Amino acid sequence: MQKLVEVLADKQALIAKSLALVLEKITTSLDQQDYFTIALSGGSTPKPLYEALSSQPLDWSKIHVFWGDERYVSPDHPDSNQRMARLAWLDRIAIPAANIHHVPTDDPDPYLAAQKYDDHLRQWFGVNSPDFPVFDLILLGMGDDGHTASLFPHTAALTVSDRCITVGEKDGNPRLTFTVPLINRARCVIFIAAGESKRPALHEIFSAYGDSFSYPSRLIHPPAGELYWLLDAAAGSSFV
Ligand SMILES: O=C1O[C@H](COP(=O)(O)O)[C@@H](O)[C@H](O)[C@H]1O
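Residues numbered from 1 in each chain as written. Predicted model: local features only at pLDDT ≥ 70, side-chain atom pairs only at ≥ 80, totals over all residues. Heavy atoms only, no water.

## Some remarks on the packing of aromatic side chains
Throughout the structure, instances matching the rule amount to 11 aromatic pairs. Each ring, one from Phe66 and one from Phe125, has its centre 5.7 Å from the other, and the planes form 35 degrees; the classification is tilted. Here Phe66, found in strand 3 (residues 63-67), pairs with Phe125, found in helix 4 (residues 110-125); they are 59 residues apart in sequence, far enough to count as distant. A single burial state applies to Phe66 and to Phe125, both of which are buried. Measuring from centroid to centroid gives 5.2 Å for Phe206 and Trp229, while their planes differ by 85 degrees, and the two rings are edge-to-face. (Phe/Tyr/Trp six-rings, centres within 6.5 Å; stacked < 30°, edge-to-face > 60°. Helix = DSSP H or I, 4+ residues; strand = E, 2+ residues; numbered from the N terminus. Buried < 20%, exposed > 50% of the residue type's maximum accessible area, 1.4 Å probe, protein only.)

Structure below.
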C-alpha cells in the first residue's frame, strides 16, 4: 500500500487538489482501459468537488458512478447522498442513465436492499463471492466520530467480511454501506476531510496504537492500492 497524507492551506485548496487528483486517476486509467469506476462519498465535504467535476470536459459515457454509502431515505430526501451528487454534478452532465448505479432504498427491509446492491455490484463487475469487485477509485469522507462511508464506531457493520454491502446504523436509523473488504480492494482510495471538528478523530486514526472499532477509518488500508488522505489545514496541520 502506498499512503500519502497531504495538508492543503484551506478548503478551496483542498477541493482544487482533490479535483486534480480525481482527474489524474480518470485520465490515466482511461488511457489503459475502456471505462472508469468511481464510488462517491456523501455528506457535505465533497459537494464543491462534485460541482467542479460537472464542468470538466470528460467522456462521461466511459465513467460509471456508484455510491459507497447511502442514508436509507428516498432519492429526493434532503439527506440523500445520491440527491446531493445528482444536483451538484450528475444532473448537469451528459452521462448515460445506465452509468449511474444508485443505491436502492425503496425496499421496506434495508437488508434486502443491501443484498440487491451487493448482487448488482457482483453482476456488473462479474465477480463472485468470495472475491470482491475492484473499484478504480473510492472517495471517502470522515465524520467527526471517525466513521467513514456508513461504517460507524462500535457497530456490527465493521466486522462484515463476506459481503460487498451491509447495513450500517446511525442513531437507530439504517444506512447502506460498502464493507471494509470491498473498500480495501480498491485501486485507489481518497479520503477528503476538512475543518477543525475532524482533528480529534484524525489524531486517533493516524496514531500507531489507535482503536479501529472506535475509529473505523483506521480500517481502511488497501494492501494493493493507493491511499490518499487530503486534509485542509484546519483538520490536519499537526499531522504532517
Ligand atoms: O454521513 C456521512 O458522513 C460522512 C462525512 O460527512 P461530512 O459531512 O463530514 O463531509 C460521509 O463521508 C458519508 O458518506 C456520509 O454518509
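Read on, since the account is not over.
## Thoughts on the UniProt feature "domain: Glucosamine/galactosamine-6-phosphate isomerase" (unreviewed entry) in the chain
Feature annotation in UniProt places "domain: Glucosamine/galactosamine-6-phosphate isomerase" (unreviewed entry) on residues 10-229, given in this structure's numbering. With 30% helix and 18% strand, residues 10-229 has its two end C-alpha atoms placed 14 Å apart. (UniProt positions renumbered as here; feature names shortened; annotations may be inferred.)

## Re the sheet that holds strand 6 (residues 165-170)
Spatially, the 3 strands line up as an open sheet ordered 4-7-6, and their pairing is antiparallel. Two strands lie at the open edges of the sheet, namely strand 4 (69-71) and strand 6, each paired on one side alone. The average angle at which neighbouring strand axes cross in this sheet is 30 degrees, direction not considered. As paired elements, strand 4 and strand 7 (residues 173-178) share 3 bridges and run antiparallel to each other. When the bridges of strand 7 are listed, Glu70 appears paired with Leu176. Helix 4 rests against strand 6 and strand 7 of the sheet, and its axis sits at about 140 degrees to strand 6. (Pairing = 2+ DSSP bridges. Axes fitted to C-alpha atoms, helices over the stretch in contact; angles between N-to-C directions. Contact = heavy atoms within 4.5 Å.)

## A short note on helix 3 (residues 81-88)
Most of helix 3 is tucked away, with 6 of its 8 residues classed as buried. Among all positions of helix 3, only Asn81, Gln82, Met84, Ala85, Arg86 and Ala88 are buried. For helix 3, the secondary structure elements touched by its buried residues are strand 2 (36-40), helix 2 (47-53), strand 3 and strand 4. Its side-chain oxygen 3.3 Å from the backbone nitrogen of Gln82, Ser80 forms the N-cap of helix 3. (Polar contact = N/O pair within 3.5 Å; in protein donor to acceptor, adjacent residues only side chain to side chain.)

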